[in-house]
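# A look at the structure
These are the residues of each chain, in order.
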Amino acid sequence: MTTLTLDPPQGRSTLPFIDARHPERPLEVNFYRPARHRPEDEIVFVQHGMLRNGDDYRDFWIDAAEKHNLLIVAPTFGNAHFPQAEGYNNGLLVSEDGAVAPQGDWLYAVPTRVLAALRKAGTTRRDKVRLFGHSAGGQFVHRLLATQAETPFETAFAANSGWYTLPTLERRFPEGLGGLGLGEAELARWLAWPMVIFAGDRDIVTSDPNLPAQAEALAQGPMRYARARFMLDFAKAEAARRGVPCNWSLITVPGIGHDGAAMSRAAAAWWYEGRIPSVEVLRTEAAYVA
């Protein structure tokens, strides 16, 4: 039985969600709902990293949620039902035998269906929301924008991705968009979308065991910050070659490495206060939060 409605209580909560296209793969959705949040108020979707720790990522946003009256929604793709990069970062697009799944089965459509369940419950009346993802969640976010023709997202930050799907049809997914049945129109749509690559300029470790190290990833640079810059440069060059606009941007967060909590605080401050706080305000005790 699929989940048709989601109506989280005030404060922290975790609710089960059964997606219509993946009934055999249950999810959880972690929420934070301020007491004063009403159906017309803002919503931020947050995508966790490779630790599948949606509860942590929800918590990273609680201060901002209270300050700016935001409903935080963190769909959580657990390892048991969505294993490895193929089961989360790469969206279940391509099976082990190389077969491409039907587009409706791509995981990148799930957040939109979570929002539909919130709307059906009357929790929100909003049809446009914000999207943030860090690390593996940053990979999820930019691939979502690459592959979904229609989304409810008015802005999206892909933060500290380990590597990138490049805006080209000449390389197979996940290195590029080749082999998925997408064409020039879809590529031009993605390049025109105002996607933000959000990157900590101290995310420069090259020996991290969780840093993708296959040849295609290493070709984008030796560490995450270099790969973020490579992605934007590649996109601008591809757009120019095709004669289409590229509306992407790179926002650098000074002094921050691979820290999901700090990057969450930085994104919230940028969106709602128009600034990036100092390193001392952003940095937490954790030096590494995937």
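A few points on the structure. (Residues numbered from 1 in each chain as written. Predicted model: local features only at pLDDT ≥ 70, side-chain atom pairs only at ≥ 80, totals over all residues. Heavy atoms only, no water.)

## A few points about helix H8 (residues 260-273)
Filter applied, for reference: A run of H or I in DSSP counts as a helix once it spans at least four residues, and a run of E counts as a strand once it spans at least two, with each numbered from the N terminus. For a helix, the expected span equals 1.5 Å multiplied by the number of residues minus one. To sort residues, take the accessible area from a 1.4 Å probe on protein chains only and compare it with the maximum for the residue type: under 20% means buried, over 50% means exposed, and anything in between is partly exposed. A 3.5 Å cut-off defines polar contacts: any pair of N or O atoms within that distance qualifies, except that in protein one atom must be a possible hydrogen donor and the other a possible acceptor, and neighbouring residues in sequence count only when both atoms are side-chain atoms.
Between its first and last C-alpha atoms H8 spans 19 Å; for 14 residues at 1.5 Å apiece the expected length is 20 Å, and the two agree. Among the 14 residues of H8, 11 are classified as buried, and the element is accordingly described as predominantly covered. When H8 is considered as a whole, its buried residues turn out to be Gly-260, Ala-261, Ala-262, Met-263, Ser-264, Ala-266, Ala-267, Ala-268, Ala-269, Trp-271 and Tyr-272. A distance of 3.1 Å separates the backbone nitrogen of Ala-261 from a side-chain oxygen at the start of H8, and that oxygen is part of Asp-259.

## Observations regarding the packing of aromatic side chains
Spelled out, the test is: Centres within 6.5 Å are what make two rings of Phe, Tyr or Trp a pair, Trp counting through its six-membered ring; a difference in plane orientation under 30 degrees is then read as stacked, over 60 as edge-to-face, and the rest as tilted.
Per the counting criterion, the structure on display carries 14 aromatic pairs. With centroids separated by 5.2 Å and ring planes inclined at 25°, the aromatic side chains of Tyr-88 and Phe-140 adopt a geometry described as stacked. With Tyr-88 in the loop between strand S4 (71-76) and helix H3 (110-121) and Phe-140 in helix H4 (residues 136-147), this pair connects stretches of sequence that are 52 residues apart. Accessibility assignment for this pair places Tyr-88 and Phe-140 in one class, buried. Taking 4.8 Å as the distance between ring centres and 55° as the angle between the ring planes, the aromatic pair formed by Trp-190 and Trp-248 counts as tilted. One end of the pair, Trp-190, is in helix H5 (residues 184-192); the other, Trp-248, is in the loop between helix H7 (224-242) and strand S8 (249-253), and 58 residues separate them in sequence. By the burial criterion, Trp-190 is buried, and Trp-248 matches it.

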